[in-house]
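Chain by chain, the residues:
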Amino acid sequence: MAVGMATDAYELRFDAGRICLDLLATTHPAERLGSVAVLRVWIAGSGLVPPGTPLAHADPTWLAGFRELRCRIGQLVPGGLAPEGRPYDLALAQVNELARAAPPAPRAVPGADGTLVRELAGPPECAALLGAVARDVVELLTDPVARAGLRQCEGDSCPLVYLDTSRGRRRRWCSSEVCGNRERVARHRRRTALTRA
């Protein structure tokens, strides 16, 4: 099921099965991380921070850092959006270096209704958030079961990579609602054209 976040100027998707793959998906069909404001929405939507976490201190260096990490993910993930000419070893070294940063520290606090909710001990720093995504990449690449579940979408012109956790491992599209629906509509149109001919 595609869980997306649509806003006026952009759409962000969080249905690839891993945070690192959701970040990779922000390049298709066009650049989705076009501003710091959009990056803030992506960080919150991805679950890197609890809902309501203030991110007003994010600046353009954050955007550059997340785009750079996204590029490295594309070089490492099979079927990813790897730019040409960049060595795999360099990308792996950079992801490993980013993964060394401690992720943001969570804490449990009473919510408005008295139940415990998660919040961060302080404002998250860019290095900590990049570290959390880089750790997700390391976990994905070093887990043979997860790695075996990596698939590239079979949709026309869709280069997105997702983690297939479906029963029977028969998922074909990054999103049944997006690429799957396009495929079903195209198939219906082909059948209709054949019956008319």
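Placed above this text is the structure.
Residues numbered from 1 in each chain as written. Predicted model: local features only at pLDDT ≥ 70, side-chain atom pairs only at ≥ 80, totals over all residues. Heavy atoms only, no water.

Considerations on the nonpolar core
To be explicit about the condition: Grouping buried Ala, Val, Leu, Ile, Met, Phe, Trp, Tyr and Cys residues that are joined through side-chain atoms within 4.5 Å yields what is termed a nonpolar core. Three exposure classes are used, based on accessible area relative to the maximum for each residue type with a 1.4 Å probe and protein chains only: buried under 20%, partly exposed in between, and exposed over 50%. In DSSP terms, a helix is any run of H or I states spanning at least four residues, a strand is any run of E spanning at least two, and both are numbered starting from the N terminus. Contacts between residues were defined by any pair of non-hydrogen atoms, one from each residue, lying within 4.5 Å.
Grouped together as the largest cluster of nonpolar side chains are 48 residues, with contacts concentrated most on Leu21, Trp42, Ile43, Phe66 and Ile73. Where this core is concerned, the elements lending two or more residues are helix 1 (19-24), helix 2 (36-46), helix 3 (60-76), helix 4 (88-99), helix 5 (126-142) and strand 6 (161-163). With eight residues, helix 5 is the largest single contributor of residues to this core. What phenylalanine 66 contacts, discounting residues up to four positions off in sequence, is Leu23, Leu39, Trp42, Ile43, Leu48, Cys126, Leu129, Leu130 and Val133.

A look at the pattern of salt bridges
As a reminder, the rule being used: Salt bridges are defined as contacts in which a side-chain nitrogen from Lys or Arg sits within 4 Å of a carboxyl oxygen from Asp or Glu.
For the structure shown, the criterion picks out nine salt bridges. The partner of arginine 18 in a salt bridge is aspartate 136, and the shortest N-O contact between them spans 2.9 Å. Linking arginine 18 in the loop between strand 2 (11-13) and helix 1 with aspartate 136 in helix 5, this pair joins segments that are 118 residues apart in sequence. Through salt bridges with shared partners, one network takes in Arg18, Asp136 and Glu139.

Details of the pairing of strand 3 (residues 106-110)
What counts is decided by this rule: Only when DSSP finds a minimum of two bridges between them are two strands counted as paired.
Bridging between strand 3 and strand 4 (residues 116-120) involves five bridges; their strand directions are antiparallel. By the bridge assignment, arginine 107 is partnered in strand 4 with glutamate 119. Linking two consecutive strands that pair antiparallel, namely strand 3 and strand 4, is a turn of five residues; a positive phi of about 95 degrees is found at glycine 114 within it.

Details of helix 2
The test is simple: The reported arc concerns the directions from the helix axis to the C-beta atoms and nothing else.
Taken together, the buried positions of helix 2 are occupied by Val36, Val38, Leu39, Trp42, Ile43 and Ser46. Angularly, the buried residues of helix 2 cover 150 degrees about the axis, an arc narrow enough to put them on a single face. Summarising the contacts, the buried residues of helix 2 are in contact with strand 2, helix 1, helix 3 and helix 5. At the exit of helix 2 stands glycine 47, carrying a positive phi of roughly 90 degrees.

Thoughts on the environment of alanine 93
Tracing the backbone shows alanine 93 in helix 4. With relative accessibility at 43%, the residue alanine 93 sits in the partly exposed group.

Section: the side chain of arginine 70
Here arginine 70 shows up in helix 3. Those residues in contact with arginine 70, other than ones at most four positions away along the chain, are Leu23, Leu24, Thr26, Thr27, Glu31 and Leu33.

Considering empty space enclosed by the protein
Going by this rule: The rule is simple: put a 1 Å grid over the protein atoms alone, call a set of points where a 1.4 Å probe fits but cannot get out a cavity, call an open set with protein on both sides within 12 Å along at least five of seven lines a pocket, and count a residue as lining if it has an atom within 4 Å of a point. Grid points are joined across faces, edges and corners, and a volume is the space filled by probe spheres set on the points. Residue polarity is assigned by list, with Asp, Glu, Lys and Arg as charged and Ala, Val, Leu, Ile, Met, Phe, Trp, Tyr, Cys and Pro as nonpolar; anything else, Gly included, falls into the polar class.
Taken as a whole and assessed by the stated rule, the structure comprises one cavity of 30 Å³ or more. Roughly 40 Å³ of volume is contained in the largest cavity. Around the largest cavity, the lining residues are Arg13, Asp15, Ala16, Ala25, Leu160, Val161, Tyr162 and Cys174. Of the residues assigned to the lining of the largest cavity, the class counts are six nonpolar, no polar and two charged.

Read these as spatial facts, not as claims about activity.
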